[in-house]
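Chain by chain, the residues run as shown.
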Amino acid sequence: NDPVLTITDIEDDYVLTAVFVQDFYTVDVTEAGNGSVTLSPPANGLYYQYQEQITLTATADPGWEFVGYAGTLASTEAVHTFTIEANQTITATFA
């Protein structure tokens with residue numbers, strides 16, 4: 001959708017309406033090793049709104065430990081909160 005509209009031949013009155021929609025982004029989390037990651041809040045229809053705060057919580061299975069997050073988010077904190085501003089692809093590694 002082109003955000004620019006050019007009207008060159010004006011013979012009558014026009015009523016224009018601009019419609020704005022909020023950007024939505026995905027958070028794709030992959031687990032490497034034995035453990036799981038929960039997202040809070042859970043994705044509403046698989047998408048998050050721009051500047052929504054998301055908390056990831058990594059939980060290692062028995063006998064495993066959380067190593068860190070990699071990808072578009074890098075952290076060694078098992079519980080990590082960030083603000084969404086783009087699509088995220090994150091790998092949580094357990095060893």
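### Let's talk about the sheet that holds strand β5 (residues 53-60)
Read from one edge of the open sheet, 3 strands run β3-β5-β7, paired in antiparallel fashion. Each edge of the open sheet is held by one strand with a lone partner, namely β3 (35-40) and β7 (79-83). Taken over all neighbouring pairs, the strand axes of this sheet differ in orientation by 20° on average, direction set aside.

### Examining the nonpolar core
Counting 16 residues, the largest nonpolar core has Val 27, Val 37, Leu 56, Tyr 69, Phe 82, Ile 84 and Ile 90 as its most contacted members. When residues of this core are traced back to their parent elements, those giving at least two are β2 (27-32), β5, β6 (66-71) and β8 (88-94). Apart from residues no more than four positions distant in its own chain, Val 27 is found in contact with Leu 39, Tyr 48, Ile 54, Ile 84, Gln 88 and Ile 90.

### What about the sheet that holds β2?
Taken together, the 3 strands give an open sheet; going across it, the order is β2-β8-β6, and neighbouring strands pair in mixed fashion. The strands lining the two open edges of the sheet, one partner per strand, are β2 and β6. Strand-to-strand twist in this sheet, taken as the mean axis angle between neighbours without regard to direction, amounts to 20°. Relative to β8, β6 is paired through 5 bridges, and the arrangement is antiparallel. Among the inter-strand pairings, Gly 71 is bridged to a residue of β8, identified as Ile 90.

### Considerations on unusual backbone geometry
Across the junction of Ser 40 and Pro 41, the peptide omega takes the value 0°, indicating a cis bond. Even without being glycine, Gln 51 reaches a positive phi, approximately 65°. In this structure, Gln 51 sits in the loop between β4 (48-49) and β5.

### Describing the side chain of Gln 88
Counting through the fold element by element, Gln 88 comes out in strand β8. Overall, the relative accessible area of 11% leaves Gln 88 in the buried class. A distance of 2.9 Å separates polar atoms of two side chains, one belonging to Gln 88 and the other to Thr 72. The contact partners of Gln 88, leaving out residues within four places of it in the chain, are Thr 26, Val 27, Asp 28, Thr 72, Leu 73 and Phe 82.

### Considerations on the packing of aromatic side chains
Counted according to the given criterion, the structure contains 3 aromatic pairs. Look at Tyr 25 and Tyr 50: their rings are 6.3 Å apart centre to centre, the planes differ by 50°, and that puts the pair in the tilted class. Of the two residues, Tyr 25 is situated in strand β1 (residues 24-25) and Tyr 50 in the loop between β4 and β5; the sequence distance between them amounts to 25 residues. A relative accessible area of 38% means that Tyr 50 is categorised as partly exposed. An aromatic cluster is defined as three or more aromatic residues linked by ring pairs; in this entry it consists of Phe 66, Tyr 69 and Phe 94.

The rules behind each value
- Residues numbered from 1 in each chain as written.
- Predicted model: local features only at pLDDT ≥ 70, side-chain atom pairs only at ≥ 80, totals over all residues.
- Heavy atoms only, no water.
- Pairing = 2+ DSSP bridges.
- Helix = DSSP H or I, 4+ residues; strand = E, 2+ residues; numbered from the N terminus.
- Axes fitted to C-alpha atoms, helices over the stretch in contact; angles between N-to-C directions.
- Core = buried A, V, L, I, M, F, W, Y, C linked by side-chain atoms within 4.5 Å.
- Buried < 20%, exposed > 50% of the residue type's maximum accessible area, 1.4 Å probe, protein only.
- Contact = heavy atoms within 4.5 Å.
- Polar contact = N/O pair within 3.5 Å; in protein donor to acceptor, adjacent residues only side chain to side chain.
- Phe/Tyr/Trp six-rings, centres within 6.5 Å; stacked < 30°, edge-to-face > 60°.

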